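# Geometric and topological summary
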Amino acid sequence: MITVTEALDQLFALVSPLDHEIIPLSEAGGRVLAQNAVARRDQPPFDGSAMDGYAVCEADAVPGTVLQVIGEAAAGHRFEGQLKQGQAVRIFTGAPVPKGADRVVIQEDVARTGDQITLGDRLDEKTHIRPSGSDFKVGDTLKAPRRLSPSDVALLASMNIAEVAVARKPRVALLSTGDELVMPGESPSPDQIIASNTFGLKALLDALGAEPRVLPIARDTRSSLRMGFELAEGADLIVTIGGASVGDHDLVGDVAAELGMNRAFYKVAMRPGKPLMAGQMGDTVMLGLPGNPVSAMVCGHIFMAPMIRVMQGLPAVPAPRGTAQLGIDLPKGGPREHYMRASLNDGEIIPESRQDSSLLSLLAHADALMVRPADDGPRQKGDLVDFIAL
Ligand code: AMP
Ligand code: MG
């Protein structure tokens, strides 16, 4: 058996970054930036008011001073004149500060009568002016590669970038295998169950910004599996589910080999999971996941998601981990690295008492996979442990 780290290294060796495409900024959320984005302007492009109030000269900012209001500056409409001592300009948030003004007195600190204002007795120290370029300047860059968050998209818009270069979406074909499986919504016979992994993995791929395609379920026959592989044509990655162990009906490896896959089969020292298959089939990379629903999903997080990130140009690193305090005592662990369904509460993590790899309801309730290293000793409440957020 090999470790999770060793298996991941083998999988990383199979994938490489895809080419990029130019897309409108409105489509860019969640995509991975492929080229540095460079600001086309300063933001703000002028010294702007941060408040509603009156623009004044610093020398006049003294309690009790009476000033003549000579005009108005609103967002999008600057005051064209020059402010002198003894004068004020009514100003609103986002408006350019008039020439000659070096301070905005907020309207709450001013009493106005006609065209005159009197400054109150308690003026604050702040200028309430946002200097030009204080957010970013022309030439400032958002560096690639980077998965674009909603805030990144807002920043790019503000930089006046209407189109961005992002990694092409990895095309992923999902092939469930098994005589016992039917699609959700169909009527299963008494011996059948619903294909769940396909849909869970599709949702994971959607969230990763890939382009998943659910293929018809392949039956446990060579011809049906062969047809499944043919339907996957054009995919960057084909993910098979089930049929990958060593039972009489586990034909995925055989058929993939017949179709030219230089097959690598890994027994990975992990729970849940263990049987994992991978290799290259022409231009397509094949990843064979175990069929047990929780194993398939956990392997999706631990193996498939990092592979997708590499295809998107992101670094080849394992699923990101956090640490939390264990909420209960645990007896010593087993010989395989264990990814335990767990709940996070106020920084404390508590693994579920049942960890059978068929129990999807527990996975759905879990917030995290708590990671216990192989041969972990007994643990006490309060110990720091690693987790992967779900
Ligand atoms: P296998 O690896 O094909 O022997 O499958 C292991 C277990 O996972 C069996 O109980 C299968 O019924 C179940 N299984 C396989 N594929 C799926 C799937 N796509 N959705 C739900 N369960 C599955
Ligand atoms: Mg099967």
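For the structure itself, look to the data block above.
Below is a short write-up of the structure. For clarity, every value in this text was computed on a predicted model and none was experimentally measured. (Residues numbered from 1 in each chain as written. Chains lettered and ligands numbered in written order. Predicted model: local features only at pLDDT ≥ 70, side-chain atom pairs only at ≥ 80, totals over all residues. Heavy atoms only, no water.)

### Concerning the nonpolar core
Applied cut-off: Here, nonpolar core refers to any group of buried Ala, Val, Leu, Ile, Met, Phe, Trp, Tyr and Cys residues whose side-chain atoms link them within 4.5 Å. Think of it in three bands: residues with accessible area under 20% of the maximum for their type are buried, residues over 50% are exposed, and the middle band is partly exposed, with areas taken using a 1.4 Å probe on protein chains only. A run of H or I in DSSP counts as a helix once it spans at least four residues, and a run of E counts as a strand once it spans at least two, with each numbered from the N terminus. Should any heavy atoms of two residues lie within 4.5 Å, those residues are counted as being in contact.
By size, the foremost hydrophobic cluster in this structure holds 44 residues, and its most contacted members are Leu-237, Leu-287 and Phe-303. Looking at which element gives the most residues to this core, the answer is helix H6 (residues 293–311), with 13 residues. Not counting the four nearest positions on each side in its chain, Leu-287 is found in contact with Leu-11, Leu-237, Ile-238, Val-239, Thr-240, Leu-276, Met-277, Ala-278, Met-304 and Met-307. The next biggest cluster of nonpolar side chains, apart from the first, holds 18 residues, and it includes Leu-175, Leu-215, Ala-218 and Met-261.

### A few points about the packing of helix H3 (residues 197–208) against H6
The following threshold applies: The axes used here are C-alpha line fits, helices contributing only the stretch in contact, and every angle between their N-to-C directions lies in the interval 0 to 180 degrees. We call two directions roughly parallel when the angle between them is under 35 degrees, roughly antiparallel when it is over 145, roughly perpendicular when it lies between 65 and 115, and oblique otherwise. Crossing handedness is defined as follows: a turn of the near helix away from the far one that is anticlockwise and smaller than a right angle gives a left-handed crossing, while the clockwise case is right-handed. Polar here means any residue outside two lists: the nonpolar Ala, Val, Leu, Ile, Met, Phe, Trp, Tyr, Cys and Pro, and the charged Asp, Glu, Lys and Arg; Gly therefore counts as polar.
The geometry of H3 relative to H6 is characterised by a closest axis approach of 10 Å and an angle of 25° between their N-to-C directions. Here H3 lies roughly parallel to H6, going by the angle between them. The element H3 and its partner H6 pack so that their crossing is right-handed. Along the contact surface, H3 presents Asn-197, Gly-200, Leu-201, Leu-204, Leu-205 and Leu-208, while H6 presents Pro-293, Ala-296, Met-297, Gly-300, His-301, Met-304, Ala-305, Ile-308 and Arg-309. Grouping the amino acids of the contact of H3 with H6 by side-chain chemistry returns 10 nonpolar, 4 polar and 1 charged.

### Some details on helix H4 (residues 222–231)
This is how it is decided: Here the arc refers to the directions that run from the helix axis out to each C-beta atom.
Of all the positions in H4, only Ser-224, Leu-225, Gly-228 and Phe-229 are classed as buried. Taken down its axis, H4 places every buried residue within 140° of arc, on the same side. Residues of H4 that are exposed and point more than 90 degrees away from the buried face comprise Met-227 and Glu-230. Turning to H4, the residues buried within the fold contact strand S15 (171–176), strand S19 (237–241), helix H5 (252–258), strand S22 (275–281) and strand S23 (284–289).

### Some remarks on the site of ligand 1
Heads up, the condition is: Nearness is defined per residue: one heavy atom within 4 Å of the molecule or strand is enough. In protein, a polar contact requires one atom able to donate a hydrogen and another able to accept it; more generally it is a pair of N or O atoms within 3.5 Å, and residues adjacent in sequence count only if both atoms are side-chain atoms. Accessible surface is estimated by sampling points in the Shrake-Rupley manner with a 1.4 Å probe; for residues, cover comes only from the protein chains shown.
The environment of ligand 1 is formed by 17 residues, the closest being Ser-176, Glu-180, Ser-196, Gly-243 and Gly-291. Contact distances for ligand 1 include 3.4 Å between a nitrogen atom and a backbone N or O atom of Asn-197. If ligand 1 stood free it would expose 490 Å²; the protein chains cover 77% of that surface. At the level of secondary structure, the elements contributing two or more residues to the shell around ligand 1 comprise strand S17 (193–194) and H3.

### Some details on the pattern of salt bridges
Definition in use: Salt bridges are defined by distance alone: a side-chain nitrogen of Lys or Arg within 4 Å of a carboxyl oxygen of Asp or Glu.
Taken as a whole and assessed by the stated rule, the structure comprises 15 salt bridges. Between Asp-376 and Arg-372 there is a salt bridge whose closest N-O contact spans 3.0 Å. The residues Asp-376 and Arg-372 share a single accessibility class, namely buried. For Asp-376, the salt bridge is made with Arg-379, and the minimal N-O distance between the two is 3.0 Å. Arg-379 shares its class with Asp-376; the two are buried. One salt-bridge network, held together by shared partners, links Arg-222, Arg-226, Asp-254 and Glu-258.

### Here's the deal with unusual backbone geometry
Cis geometry marks the peptide bond from Gln-43 to Pro-44, where omega comes out at -10°. Positionally, Pro-44 belongs in the loop between strand S3 (37–38) and strand S4 (48–49). With omega at -5°, the peptide bond leading from Ala-144 into Pro-145 counts as cis. Structurally, Pro-145 can be placed in the loop between strand S12 (141–142) and strand S13 (146–147).

### Things to note about the pairing of S23
The following threshold applies: Two strands make a pair as long as DSSP finds a minimum of two bridges between them.
Among the 6 residues of S23, 6 are classified as buried, and the element is accordingly described as predominantly covered. Pairing of S19 with S23, which is carried by 5 bridges, proceeds in the parallel orientation. Across the sheet, residue Ile-238 finds its bridge partner in S23, namely Met-286. With 5 bridges connecting them, S22 and S23 associate as antiparallel partners. When the sheet's bridge partners are listed, Ala-278 is paired in S23 with Leu-287. Connecting S22 to the antiparallel partner S23 that follows it, the hairpin turn spans 2 residues, and Gly-282 within it adopts a positive phi of roughly 60°.

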